[in-house]
Amino acid sequence: MLRFNPGPFEPFVYLLQTPVMFRVVGLGGLVLFSILAFSIAGAHGVAAVVFGLVLIGALWYETSANVCRRCRFYGKWHCLGQGMLASKLFSPIDERLGESGTMLHGAILAAYLIYGLFWLWHEPMIGFIFTLWIPIALITATTPAGLSWRALKPS
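A brief report on the enclosed structure follows. (Residues numbered from 1 in each chain as written. Predicted model: local features only at pLDDT ≥ 70, side-chain atom pairs only at ≥ 80, totals over all residues. Heavy atoms only, no water.)

Take a nonpolar patch on the surface next. There is a patch of nonpolar side chains on the surface, built from Trp-121, Met-125, Phe-128, Ile-129 and Leu-132 and spanning about 530 Å² of accessible area. Along the chain, the position of Phe-128 falls in helix 6 (residues 124–140). The exposure class assigned to Phe-128 is partly exposed, which follows from its relative accessible area of 44%. (Patch = residues over 30% accessible without salt bridge, like charges linked within 9 Å, V, L, I, M, F, W, Y side chains within 5 Å. Areas by Shrake-Rupley, 256 points an atom, 1.4 Å probe, with all protein chains shown as cover. Salt bridge = Lys/Arg side-chain N within 4 Å of Asp/Glu carboxyl O. Helix = DSSP H or I, 4+ residues; strand = E, 2+ residues; numbered from the N terminus. Buried < 20%, exposed > 50% of the residue type's maximum accessible area, 1.4 Å probe, protein only.)

Here we come to the packing of aromatic side chains. One pass over the structure, following the stated rule, counts nine aromatic pairs. On the basis of an interplanar angle of 65 degrees and a centroid distance of 5.9 Å, the ring pair of Phe-33 and Tyr-112 is categorised as edge-to-face. Of this pair, Phe-33 sits in helix 2 (residues 19–42) while Tyr-112 sits in helix 5 (residues 99–120), placing them 79 residues apart in sequence. Plain terms: the ring middles of Phe-33 and Trp-133 are 5.5 Å apart, the flat faces sit at 25 degrees to each other, and that makes the pair stacked. In this pair, Phe-33 is assigned in helix 2 and Trp-133 in helix 6, connecting sequence segments 100 residues apart. Trp-133 shares its class with Phe-33; the two are buried. (Phe/Tyr/Trp six-rings, centres within 6.5 Å; stacked < 30°, edge-to-face > 60°.)

Such a bond, covalent and formed between the sulfur atoms of two cysteines, is termed a disulfide. Evaluation of the coordinates by the stated rule reveals zero disulfides. We note that Cys-68 lacks a disulfide partner, and the nearest cysteine sulfur, in Cys-79, lies 5.9 Å from it. Since its relative accessible area comes to 7%, Cys-68 is described here as buried. Here Cys-79 stays free of any disulfide, with the sulfur of Cys-71 as its closest cysteine sulfur at 5.7 Å. Owing to a relative accessible area of 24%, Cys-79 belongs among the partly exposed residues under this scheme. (Disulfide = S-S within 2.5 Å.)

Our focus in this paragraph is the nonpolar core. Phe-33, Tyr-112, Tyr-115 and Trp-133 are the most contacted members of the largest nonpolar core, which has 21 residues in total. If you list the elements that add at least two residues to this core, you get helix 2, helix 3 (46–67), helix 5 and helix 6. With seven residues, the top contributor of residues to this core is helix 5. The contact partners of Tyr-115, leaving out residues within four places of it in the chain, are Phe-38, Ala-41, Ala-48, Val-49, Phe-51, Gly-52 and Leu-55. (Core = buried A, V, L, I, M, F, W, Y, C linked by side-chain atoms within 4.5 Å. Contact = heavy atoms within 4.5 Å.)

Our next topic: helix 3. Compared with the 32 Å implied by 1.5 Å per residue over 22 residues, the 30 Å span of helix 3 between its first and last C-alpha is a close match. Among the residues making up helix 3, those that are buried are Ala-48, Val-49, Gly-52, Leu-55, Leu-59, Glu-62, Thr-63, Ser-64, Ala-65 and Val-67. Buried positions along helix 3 lie against helix 2, helix 4 (82–89) and helix 5. (Expected span 1.5 Å × (residues − 1).)

Turning next to the packing of helix 2 against helix 5. Packing of helix 2 against helix 5 leaves a shortest axis separation of 8 Å and a crossing angle of 55 degrees. In terms of axis orientation, helix 2 runs oblique to helix 5. Handedness of the crossing formed by helix 2 with helix 5: left-handed. Touching Leu-30, Phe-33, Ser-34, Leu-36, Ala-37, Phe-38, Ile-40 and Ala-41 of helix 2 are Tyr-112, Leu-113, Tyr-115, Gly-116, Leu-117, Trp-119 and Leu-120, all from helix 5. Its residues assigned to classes, the contact of helix 2 with helix 5 shows 13 nonpolar, two polar and no charged. (Axes fitted to C-alpha atoms, helices over the stretch in contact; angles between N-to-C directions. Parallel < 35°, antiparallel > 145°, perpendicular 65-115°, else oblique. Left-handed = near helix turned anticlockwise from the far one by under 90°. Nonpolar A, V, L, I, M, F, W, Y, C, P; charged D, E, K, R; others polar.)

Okay, here's the thing in structure tokens:
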């Protein structure tokens, strides 16, 4: 399998790809991103918050129904409980997520990140910090072996 070569940033990238960094930087950052975006959106009206809640609800459902069910961490605490909750709601799926499913996941995630950045850029320093956070968070969501829900599960 071909892997992205991070060049001189290799030690930094491999540090970011650890489970601890995924939980702290990736998921913790997403929680902070969401709280700040919703608080800024809330200052501009209820409709803005409701739209964001619909987006994050769609992202959660799509992730649980399509991605978590295929993940090698299905039913475990790797994602701070989402895999555990998904295992209670959905049965596992053994085949890999196809290109259309991957594109759907990416599109919903992109829509949510654009929504959040729109509101976070109302405070330029917060918008700048979270704009820098997004690629770092995406690196934490990958591993040297590939995305957990795209790779074949070990037999």
